[in-house]
Structure formats: structure tokens, C-alpha cells
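Listed here are the chains, written in short residue letters.
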Amino acid sequence: MKAHIRTYGCQMNERDSENIAANFVERGWSITNNEDEADAIIVNTCSVREQAENKAIGKLGHLINYRNFTGKNLPVIGVTGCMAQNRGGQLVKILPGLDFVAGARKTHKVADIAEQIYRQKLTGRVPVAPVVDVSDDLTSHLNIDKHYPLARSSKVCAFVSIMQGCQMNCSYCIVPKVRGPMRSRPTADIVAEVRALVDSGVKEVTLLGQVVNAFGIERRAPGKVSEFVDLLERLNAIEGLQRIRFTSPHPSFFKDDLIEAYGRLEKLCQYVHLPLQSGSNSILRAMNRPYRAEDFLRIAERLREKVADMSISTDVIVGYPGETPEDFRQTVDVFKQAAFDMAFIFKYSPREGTKSAQQPDDVPESIKDQRNKILLEILGEQSMRFHENMIGRTFDVLVEDRAKRGQDMFMGRTRNHRKCIFKADESYIAKTVNVKINSATVTALSAEIVG
Ligand code: SAH
Ligand code: SF4
Ligand code: F3S
């Protein structure tokens, strides 16, 4: 039996897909990249913007139509993740032929559900009613520790989800609704998982959570030190592990102890993805983001003071309800001052069930496009400047895999997360090498190994 898993959305979803894959493998299935040979196809979905939902629904419709065209009742076709949680039983109505819907808190059950349906379908005649399971499961965070690498480089670099859910209730965001309240995993389980990964050859871990630096906050005794920094310390002590990254932290929890951890914990890489969302304090307030633009800039400034070549990336939403030209101008200012070298710019998309969806989506699409374009242009210049500053210098790079293009070309990242392309051979994979940067584009650095 073969399963094919297609993932939309964030790294946490990618990580869930790896756990789903591992659950299939445990049951004796293999994983295939080719959907044509799959006995079960799982679409792991995202709800964060309307476009993300539309893409997944389009894909599911296409898969079901194709199966109808072949006249067979296999593969099993199921949907999981955030859109499955968000839309539940509605999906089996708009997608007749869909075999199951398992919510974002049920990803650890997906392989089980798919296999049961597969066995029923093998017997042929009985038409199977679709299974819909979007009930709550507040223990799902205790079942997300299995690994089956799906991404190309994940043999060297691994994702580790350290929590599930979010309770920040940013006004525009659907994540708390679909993923539920924050549940942090026990520290000891995470340490054990990372140790096992290192034993299997992993050199770099990226800790994942929607508010990753608030790890443990829901169970923290008043006055106790940050459990997140404590976790970083324990991971830093694991022999054989070389690099630690995390995403996404929230500015409100980016306190001094975390800033101090840079430099002190030598495995902690000098790259932070710190979502700004807006540079206007009144928009931040409307968004229910409890920090001011100046607080954000202070964090960025202190990080840059503390660590050389610190790379900071961000998320920004343009066209939030009521965003004026002046609000946007402030965003542009902060965007330049923070000198982001990478960013994801999103056009506001109202999501049903969120607070801001009750307000009119009053910034016209053409203005959203314009603002998006302005920030992308600034970003291009800032990324290029950041890259140019690296030319002629030497950096250590963890060799991850073959590059997508070019014979004998390999790729790896610097500690500040810049992608380098260089000539090497298979024996370099998983090794850390020094490379000299020769030239740069906005997205990658061309380099040569110097030791
Ligand atoms: N937990 C992370 C991000 C989660 S979602 C954080 O707090 O930053 C990833 C990004 O999608 C967000 O940072 C935000 O910029 C964007 N996003 C979320 N909801 C959105 C919406 N309704 N419209 C447009 N962008 C949105
Ligand atoms: Fe959404 Fe805000 Fe939670 Fe991030 S912190 S997932 S933007 S509610
Ligand atoms: Fe999307 Fe869910 Fe992640 S809504 S961004 S896949 S948590």
C-alpha cells in the first residue's frame, strides 16, 4: 500500500505531514511522491487566507474527478489540517466522493482512518459513507513526535513542533479557531525527540510553534524563568547537534533572557523570523497585537547589537480594515528601519469567524496590490544589500542536499539562513564547511568551499 501526502500552509503543517507519513509507514505502508500510484491520497490543508482554501479545494476536486474518470473506487482521498477543521462536514457536501475529513487536531489519526476506509473499499461493493472527525482533541500535542522525512533536506535538518494551537487571538487570524488553545509539549519529550534525531544523523533542528517563544506559558508558575530559554539551553547541550533555529516567535514574548541567549548558546543561529504585521500602532492595536512599533524596533536593534550578521525576516499584512495611507507609510518606515532581509507580505483576507471579519474589508484590492508591490520592492533592495555585504567573506555552511539545478552543485545555508550554492560531491552532505561568497542574487549566494 502506498500513501501520497500533499501539504499546504505553514511549517507546522509540513511537520504534521511528516508525522502522518510516519504513522503510515508504521502500519506497513510506503510513501510515494507520485499520486498516480497511491492507494491513499491525503491533502493536508491551510485556512489562513481564502486563496489557501481555494487551492486545496481545487486540488481535491481534481483528484476526485480523475478517480471518477478511471471508474475505480481507489485511491482513498482524504483531507486533514486547518481547512478540514474549519469546514468539517461541509466539505463532503461540496466535494462528493471525498472519503474522509479529519481536523487539524486529528492528524495523528489520519493513517488509521485512511487504512480502515482502504480495507472497506477493497471489499468492493459496499458504498462507504464519508468519515468526518473534527471533534476536539486536546491531547494531540502528545502525538506529534514521529518523523518520516518528506522534504528533500530533512535528513540533515529537522522540524520539531514543540506546541500546538495558539490563544493570542489576533483579530484577523483563524489559527486559534482551527488549532485550538496553546498546548506545550513536555520539555523532556522534546529533548528526547531531538536526541533521537541527532542519533539518526540530523544536525540542525527548527523548533516550531505559532507563538514558539511563549512555550510553556500556559503551565508556568508565576515568576518562573522562561521555559523556552530553558528548553534552548537543554537542546544546546545535546552533543552532535550543531544548529538550533525556531519559528515563529511573537514580539510580546521576546524578552531580555531570549536576547541574552544569543551568543551565549553557541548553537542558536543568528536568524529570527519575527512577524511585525504592521508598523502603525493604531493598526497593531486594532489587530490585537499587544506591542508597539517602537518595541519591535528595539528588539531588532538589540539583536543586531548583540550578534554579527543577524538576519531578521518578518510577516506583514497590507490592507487591514481601515489602513490609511499614513498607517501604511509607518509600516514602510519600520520595514526600512528594521532592515528586514526577508519578508512575507500578505494582502489582508477576511476569515469568517475572526473578529476583523465583522468589519468591512474596506481597502480596495488595487490599493492592497500597490502596497504589496511597494514593500516587495523595498524588500528586494534590502535583501540585495544584505547579500552584497556577504560577498568576499567566509561563512560556515551546513551542506544539506544537491541543488535543484546544475551538475555537482550542492546547497546549504549559512547560520543566518542564507542559501548558498557551491560545487561539491555527495560526501559533503551533512558536513559543515567554510565557503567563500563570490556573488549574489536576491535569493541565493554563489559560493566556493574553502575549507
Ligand atoms: N503565528 C505566527 C503566524 C501565523 S500565520 C505569528 O503570530 O506571527 C502566518 C502569517 O499569515 C501571519 O503572520 C500573518 O501575516 C498572515 N495572516 C494571518 N491571517 C491573515 C489574514 N486573515 N489575511 C492575510 N494574512 C494573514
Ligand atoms: Fe494567528 Fe496571532 Fe496566533 Fe500568530 S499569534 S497564529 S497571527 S493568532
Ligand atoms: Fe495555515 Fe493552519 Fe498553518 S491555517 S498557516 S496551516 S496553522
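**Q** Help me get a handle on the overall build of the protein, residues and values and all.
**A** Helix and strand content of the protein: 13 helices and 19 strands. Against the 2.2 N^0.38 benchmark of 22 Å for 451 residues, the protein shows a C-alpha radius of gyration of 23 Å, consistent with a compact globule. Across its three principal axes, the protein shows a C-alpha extent of roughly 70 × 55 × 50 Å. Taking all 451 residues of the protein together, 54% fall into the buried category. Expressed as a percentage of contacts within the protein between residues at least 6 apart in sequence, the contacts between residues at least 24 apart total 72%. For the protein, the separation between the mean place of its 62 positive charges and that of its 56 negative charges on side chains is 2 Å.

**Q** Give a description of unusual backbone geometry that names residues and reports values.
**A** The amide bond that connects Leu-74 to the next residue, Pro-75, takes the cis arrangement and shows omega of 5 degrees. Among the secondary structure elements, Pro-75 is positioned in the loop between α2 (50-70) and β4 (76-81). In this structure, Asp-309 is a non-glycine residue whose phi angle is positive, near 55 degrees. Looking at the element boundaries, Asp-309 is found in the loop between α11 (293-306) and β13 (311-318). In this structure, Ala-430 takes a positive phi of about 80 degrees despite not being glycine.

**Q** So what about the domain arrangement of the protein? Which residues, and what values?
**A** Taken domain by domain, the protein holds domain 1 (2-133), domain 2 (140-387) and domain 3 (394-449). Centre-to-centre separation of domain 1 and domain 3, based on C-alpha positions: 36 Å.

**Q** Lay out the packing of helix α9 (residues 256-264) against α11 with the relevant residues and their values.
**A** Where α9 meets α11, the closest approach of the two axes is 9 Å, and the angle between their N-to-C directions is 25 degrees. The angle between the axes of α9 and α11 places the two elements in the roughly parallel class. Crossing of α9 over α11 shows right-handed handedness. Between α9, through Asp-256, Ile-259, Glu-260 and Tyr-262, and α11, the contact on the second element is made entirely by Ile-299, Arg-302, Leu-303 and Lys-306. Looking at the contact of α9 with α11, its residues break down into four nonpolar, no polar and four charged.

Here is what the cut-offs are and how they apply
Residues numbered from 1 in each chain as written. Chains lettered and ligands numbered in written order. Predicted model: local features only at pLDDT ≥ 70, side-chain atom pairs only at ≥ 80, totals over all residues. Heavy atoms only, no water. Helix = DSSP H or I, 4+ residues; strand = E, 2+ residues; numbered from the N terminus. Rg over C-alpha atoms; globule rule 2.2 N^0.38 Å. Buried < 20%, exposed > 50% of the residue type's maximum accessible area, 1.4 Å probe, protein only. Contact = heavy atoms within 4.5 Å. Lys, Arg positive; Asp, Glu negative; His and termini not counted. Charge placed at Lys NZ, Arg CZ, Asp CG, Glu CD. Domains from an automatic or database assignment. Axes fitted to C-alpha atoms, helices over the stretch in contact; angles between N-to-C directions. Parallel < 35°, antiparallel > 145°, perpendicular 65-115°, else oblique. Left-handed = near helix turned anticlockwise from the far one by under 90°. Nonpolar A, V, L, I, M, F, W, Y, C, P; charged D, E, K, R; others polar.

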